[in-house]
Amino acid sequence: MNYQWYPGHMTKARRMMQEDIKLIDLVIELVDARVPLSSRNPDIDELGKNKSRLILLNKVDLADDSRTVLWADYFKRQGYFVTRLDARSKSGIKAVSSMIAEACREKTERDRKRGIKNRPVRAMIVGIPNVGKSTFINTFAGKACAKTGNKPGVTKGKQWVRLNKDVELLDTPGILWPKFDDQMIGLRLAVTGAIRDEILLSEDLALWLLEYVSENYPGMLENRYQIGEAVSLNENNDSMAAEMPEEKRRALWLLEQIARVRGCLLKGGEPDYKKASMLLVEDFRSGRLGRITLEVPETGEE
């Protein structure tokens, strides 16, 4: 599997961000709490060096609470200011203002000593596609001032947003980086929807997700789909399973059970693996499957 997506507008966006960074006091980076490390663009660290940094762990309503706590502690140890939120429900939004003030306290104090008063903090908000930047801006500002969408790449240009008397925010397009050194990163981003679905094989994503969930969240698949997780690999003689390693055969067996339980069938009663895969991935993305985090901070991956 080779997951990559880097449209031309992302090159332009990165160049634009490099030009604007000199105007900025604070870099606010949104990450997906389900994949906190994989959803961080490594270019942002170079772009934002010597700037105050705030990481917002967004979509915490979809993530594993215990792992979110671990990730917040991990980023704090790296020297970042960190807070958790669910921008859609406004949970955690109030804490962001105080966190911005804390992150920029030294800058505000320098301004005060120079006789500069009431100059708003200028912050740049960054993040990969589909981490919820526009939703956060609209929720934080209390009005619809940024376009939103549930597909990556909605914001394609920059825009300044006056959030309140204390903060001006420069919104930027979501950008990935040209090459994933670790294909597991690309796979996690694909599962969470940061890469356009049109370029993916949903069956590959579903099989990996089934492997991960059955190993890390036992009972979750059984609870959602009323299927057994105890697998008899001899029961699956489907041609798709030929030459598959055992863990992939187990995942395929689980996918077949989901297809049959949910009526994802082709003519003749054969399982429609593609339809079942799309159903599973959508259940994960919406949180219907359960609260799942796909990596842990000790190594950044499983």
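As the structure is a computational prediction, the values presented were derived from the model and not from experiment. (Residues numbered from 1 in each chain as written. Predicted model: local features only at pLDDT ≥ 70, side-chain atom pairs only at ≥ 80, totals over all residues. Heavy atoms only, no water.)

> Looking at this structure, I do not really get the layout of surface pockets. What am I missing?
Sizing a probe to match a water molecule and rolling it over the atoms shows the empty space that remains. Within this model, the second largest pocket holds a volume of roughly 360 Å³. Taken together, 19 residues make up the lining of the second largest pocket; nearest its centre are Thr108, Arg119, Pro120, Val121 and Asp166. Among the elements of the structure, helix H4 (93-103) and helix H5 (105-113) are those that each provide at least two residues to the lining of the second largest pocket. In terms of residue count, the dominant contributor to the lining of the second largest pocket is H5 (four residues). Looking at the lining of the second largest pocket residue by residue, the classes come out as eight nonpolar, four polar and seven charged. (1 Å grid on protein atoms, 1.4 Å probe; cavity = no way out; pocket = protein on both sides within 12 Å on 5 of 7 lines; lining within 4 Å. Points joined across faces, edges and corners; volume = space filled by probe spheres on them. Helix = DSSP H or I, 4+ residues; strand = E, 2+ residues; numbered from the N terminus. Nonpolar A, V, L, I, M, F, W, Y, C, P; charged D, E, K, R; others polar.)

> Can you walk me through helix H7 (residues 183-192) in this structure?
Residues lying three or four places apart along an α-helix face the same way, a consequence of the helix completing one turn every 3.6 residues. The buried fraction of H7 is high, at seven of 10 residues. Regarding H7, the residues found buried are Gly186, Leu187, Arg188, Leu189, Ala190, Val191 and Thr192. (Buried < 20%, exposed > 50% of the residue type's maximum accessible area, 1.4 Å probe, protein only.)

> Mind showing me how you'd approach the pattern of salt bridges here?
It is possible for side chains of opposite charge to pair when their charged atoms get near one another. Tallied over the full model, the rule gives 21 salt bridges. Where Asp111 meets Arg119, a salt bridge forms, and the shortest distance between an N and an O atom there is 3.6 Å. Residue classification places Asp111 among the buried positions, given a relative accessible area of 7%. Residues participating in the shared-partner salt-bridge network are Asp25, Lys107, Asp111 and Arg119. (Salt bridge = Lys/Arg side-chain N within 4 Å of Asp/Glu carboxyl O.)

> Please explain the confidence of the model for the protein as it appears in this structure.
Caution applies to low-pLDDT parts of the model: their predicted coordinates are not meant to be read in detail. With 81% of its residues at a pLDDT of at least 70, the protein reaches an overall mean of 83. In this model residues 151-156 is a low-confidence stretch, pLDDT under 50, and it forms 22 contacts with partners more than four residues away in sequence or in other chains. (pLDDT = per-residue confidence, 0-100. Contact = heavy atoms within 4.5 Å.)

> I'm lost on unusual backbone geometry in this one. Help?
As a rule of thumb, non-glycine residues mostly have phi less than zero, and peptide bonds are mostly trans rather than cis. The backbone phi angle of Asn50 is positive, close to 70°, even though this residue is not glycine. Following the sequence through the fold, Asn50 ends up in the loop between helix H2 (43-47) and strand S2 (52-58). On the basis of relative accessible area, Asn50 is assigned to the exposed category, the value being 78%.

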